[in-house]
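Notes for the structure review
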Amino acid sequence: MSYSELLEIFKSSLILTNQIFNFLNTTYEKLDDKNKLRHHILYRMKSTGTTILHILSQNIDNPNFVDFSSAAILTRSIIESYKTFYYLTSEAGIDETEFKFRYLIFQSYDIFERQDMIN
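Throughout what follows, the structure given in this document is the object of discussion.

Looking at the overall build of the protein chain
Counting its regular elements, the protein chain contains four helices and zero strands. Sequence-ordered secondary structure for the protein chain, helices as α and strands as β, is α-α-α-α. What you see for the protein chain is a C-alpha radius of gyration of 17 Å, clearly larger than the 14 Å of a compact globule of 119 residues, by over 25%. For the protein chain, the spread of C-alpha atoms along the principal axes amounts to about 50 × 40 × 25 Å. Of all 119 residues assigned to the protein chain, the portion counted as buried reaches 27%. Counted over contacts in the protein chain with a minimum sequence separation of 6, partners at least 24 positions apart contribute 57%. Put simply, the protein chain shows about 8600 Å² of open surface, and 58% of that area lies on carbon and sulfur atoms. Side chains of the protein chain give 12 positive and 15 negative charges; the mean places of these two sets differ by 4 Å.

Brief notes about helix 3 (residues 68–89)
Since one α-helical turn is 3.6 residues long, residues separated by three or four positions face the same way. Its 22 residues give helix 3 an end-to-end C-alpha distance of 31 Å, which sits within 8% of 32 Å, the value for a rise of 1.5 Å per residue. Every buried residue of helix 3 is listed here: Ala71, Ile78, Ser81, Phe85, Leu88 and Thr89. All buried residues of helix 3 lie within an arc of 115° about the axis, which places them on one face of the element. Residues of helix 3 that are exposed and angled more than 90 degrees away from the buried face: Ile73, Arg76 and Lys83. On its buried face, helix 3 sits against helix 2 (33–57) and helix 4 (96–118).

A short note on the nonpolar core
In this structure, Leu42, Ile52 and Leu56 are the most contacted members of the largest nonpolar core, which totals 22 residues. For this core, the secondary-structure elements that each account for two or more residues are helix 1 (3–26), helix 2 and helix 3. Considering every element that reaches this core, the biggest residue donor is helix 2, with eight residues. Among residues more than four places away in sequence, those in contact with Leu56 are Tyr3, Leu7, Val66, Phe68 and Ala71.

Cut-offs and rules
- Residues numbered from 1 in each chain as written.
- Predicted model: local features only at pLDDT ≥ 70, side-chain atom pairs only at ≥ 80, totals over all residues.
- Heavy atoms only, no water.
- Helix = DSSP H or I, 4+ residues; strand = E, 2+ residues; numbered from the N terminus.
- Rg over C-alpha atoms; globule rule 2.2 N^0.38 Å.
- Buried < 20%, exposed > 50% of the residue type's maximum accessible area, 1.4 Å probe, protein only.
- Contact = heavy atoms within 4.5 Å.
- Areas by Shrake-Rupley, 256 points an atom, 1.4 Å probe, with all protein chains shown as cover.
- Lys, Arg positive; Asp, Glu negative; His and termini not counted.
- Charge placed at Lys NZ, Arg CZ, Asp CG, Glu CD.
- Expected span 1.5 Å × (residues − 1).
- Arc of directions from axis to C-beta.
- Core = buried A, V, L, I, M, F, W, Y, C linked by side-chain atoms within 4.5 Å.

In structure tokens form, the structure reads like this:
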């Protein structure tokens, strides 16, 4: 698979993420807590994906000068966001109590991470 083919695949996945985000964004005020969380995580994924697209598109004629390491690091960020998205918002047997529990753990972890960065 060539570089331009991979770039087109990435663009199509970013378009899909944008479509889902835009759907949630138009009805944000009416969303329940779970869908607001989905909106937030998708926003991060969309922003990171857009940054990756800019990195990969900088010098399409000469892929040797593309910053692949930055794109790889950002791709890992998207994968981790997706794992969080799936864990917190998957409909696979998660009732409201389980969602609240998972969300509280997610928030606690986020607070601990920020506290560690400050220290």
